[in-house]
Amino acid sequence: MESRCRLVVLASGNGSNAQAVIDACNTGTLPATVVAVVSDKADARALARADAAGLPAVHVGKRPDETRADYDARLADIVSGFDPDFVVLAGWMRILTLSFLGWFPGMVINLHPALPGEFPGTLAIERAFREAREGSRDSTGVMVHLVPDEGVDSGPVLATARVDILPTDTLDTLCERMHATEHHLLVDTLHRLCAERLTERTSSPRNGAKV
Ligand code: GAR
């Protein structure tokens, strides 16, 4: 029986959160192994980071003649080949349909740089920063949640962290603090989920054993 959880990380861009998860696995902070990093973008830095860490770095681009559902089914087929316990969306910038999600019930986890119900979609940090400059807010936050359906950055919340927007902040300094907060929150949440999964596996091996 495996004593570590298997994580597939999906990332479309820079991959600083993917890197935080890889590092936490490598140092033993996280009882898990990143078994693959998958990107929809061939030039995503996340793929270069996986490659540098000696991990499978897999580009799965959408073909022009492919429907979203067909792409998601092909993606699910590739991801399920890595036999993950959890699929971690760390800066994955495509909305996944049930053609993908249906394969991984309760296993897909998304990170979003805003608190529940706030700023779904892209540019969440920029939008919060603009509102702060207009005087209508003095904080934002980060959340990790499950992805049960096609809702955008919504789903059962696993963890949140508030981040103050300081009067002295520039967009760059706010982004820096938001990303640092994300790296911790994502690793802490995965730690909890993996510990629970490994305990389940130990207490009832036939339910969770990887064979
Ligand atoms: C992160 O801020 C993540 O929360 C966000 O993309 C960034 C990826 O950064 N995700 C979303 O906005 C999802 N709607 P990274 O590539 O450096 O990890």
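Here is what the cut-offs are and how they apply
Residues numbered from 1 in each chain as written. Predicted model: local features only at pLDDT ≥ 70, side-chain atom pairs only at ≥ 80, totals over all residues. Heavy atoms only, no water. Phe/Tyr/Trp six-rings, centres within 6.5 Å; stacked < 30°, edge-to-face > 60°. Buried < 20%, exposed > 50% of the residue type's maximum accessible area, 1.4 Å probe, protein only. Helix = DSSP H or I, 4+ residues; strand = E, 2+ residues; numbered from the N terminus. Pairing = 2+ DSSP bridges. Axes fitted to C-alpha atoms, helices over the stretch in contact; angles between N-to-C directions. Contact = heavy atoms within 4.5 Å. Arc of directions from axis to C-beta. Near = heavy atom within 4 Å. Polar contact = N/O pair within 3.5 Å; in protein donor to acceptor, adjacent residues only side chain to side chain. Areas by Shrake-Rupley, 256 points an atom, 1.4 Å probe, with all protein chains shown as cover. 1 Å grid on protein atoms, 1.4 Å probe; cavity = no way out; pocket = protein on both sides within 12 Å on 5 of 7 lines; lining within 4 Å. Sits in = over half its atoms within 2 Å of the grid points. Nonpolar A, V, L, I, M, F, W, Y, C, P; charged D, E, K, R; others polar. Salt bridge = Lys/Arg side-chain N within 4 Å of Asp/Glu carboxyl O.

Student: Please provide a residue-by-residue account of the packing of aromatic side chains, values included.
Tutor: What characterises a pair of aromatic rings is the spacing of the ring centres plus the angle enclosed by the ring planes. The tally for this structure, following the rule as stated, stands at 1 aromatic pair. For the pair phenylalanine 100 and phenylalanine 104, a centre-to-centre distance of 4.9 Å together with 45° between the ring planes defines the contact as tilted.

Student: Give me the pairing of strand 5 (residues 108-112): which residues, what numbers.
Tutor: Counting buried positions along strand 5 gives 5 out of 5 residues, so the element sits mostly inside the fold. Burial of the side chains of strand 5 extends over both faces: Val108, Asn110 and His112 are buried on one face and Ile109 and Leu111 on the other. As paired elements, strand 4 (residues 86-89) and strand 5 share 3 bridges and run parallel to each other. Along strand 5, the bridge assignment pairs valine 88 with isoleucine 109. Pairing between strand 5 and strand 6 (residues 139-146): 4 bridges, direction antiparallel. If you follow leucine 111 over to strand 6, its bridge partner there is valine 144.

Student: Kindly report on the sheet that holds strand 1 (residues 5-10), identifying the contributing residues and their values.
Tutor: As a general point, the strands of a sheet are linked pairwise by backbone hydrogen bonds and lie either parallel or antiparallel. Taken together, the 7 strands give an open sheet; going across it, the order is 3-2-1-4-5-6-7, and neighbouring strands pair in mixed fashion. Each having just a single partner strand, strand 3 (57-59) and strand 7 (157-164) make up the two edges of the open sheet. Taking each pair of neighbouring strands and ignoring which way they run, the sheet shows an average axis angle of 20°. Packing against the sheet, helix 1 (residues 16-27) makes contact with strand 1, strand 2 (32-39) and strand 5, and its axis sits at approximately 155° to strand 2. Against the sheet, helix 6 (residues 171-203) makes contact with strand 1, strand 2, strand 4, strand 5, strand 6 and strand 7, and its axis sits at roughly 155° relative to strand 7, the strand it touches most.

Student: Mind laying out helix 2 (residues 45-52), listing which residues take part and the relevant values?
Tutor: What helix 2 keeps buried is the set Ala46, Leu47, Arg49 and Ala50. Projection of helix 2 onto a plane perpendicular to its axis shows the buried side chains occupying an angular sector of 160°, all on one side. Exposed positions of helix 2 whose direction lies more than 90 degrees from the buried face are Asp51 and Ala52. Contacts made by the buried residues of helix 2 are with helix 1, strand 2 and strand 3. Count one or two residues on from helix 2 and you reach glycine 54, which has phi positive near 75°.

Student: Any chance you could break down the site of the ligand for me, citing the residues and the numbers?
Tutor: The full set close to the ligand counts 13 residues, and Gly15, Ser16, Asn17, Asp153 and Glu182 are the nearest of them. Within the contact set of the ligand, an oxygen atom lies 2.7 Å away from a backbone nitrogen or oxygen of glycine 15. Considering the ligand on its own, with 450 Å² of exposed area, one finds that the protein chains cover 89% of that surface. When atom positions are compared with the pocket grids, the ligand is found to occupy the largest pocket. At the level of secondary structure, the elements contributing two or more residues to the shell around the ligand comprise helix 1, strand 5 and helix 6. Of the residues that constitute the shell around the ligand, the class distribution is 3 nonpolar, 8 polar and 2 charged.

Student: Now, about the pattern of salt bridges: what can you tell me, with residues and values included?
Tutor: Oppositely charged side chains may form a pair once their charged atoms are brought near each other. Taken as a whole and assessed by the stated rule, the structure comprises 8 salt bridges. Between glutamate 66 and arginine 74 there is a salt bridge, and its shortest N-O distance comes to 2.7 Å. Each of Asp85, Arg197, Glu200 and Arg201 takes part in salt bridges that share partners, so that together they form one network.

Student: Quick rundown of the environment of proline 156? Include the residues and the values.
Tutor: Examined against the element boundaries, proline 156 turns out to sit in the loop between strand 6 and strand 7. Judged by relative accessible area, which is 45%, proline 156 ranks as partly exposed. When the C-alpha positions of proline 156 and alanine 32 are compared, they lie 22 Å apart, and in sequence the two are 124 residues distant.

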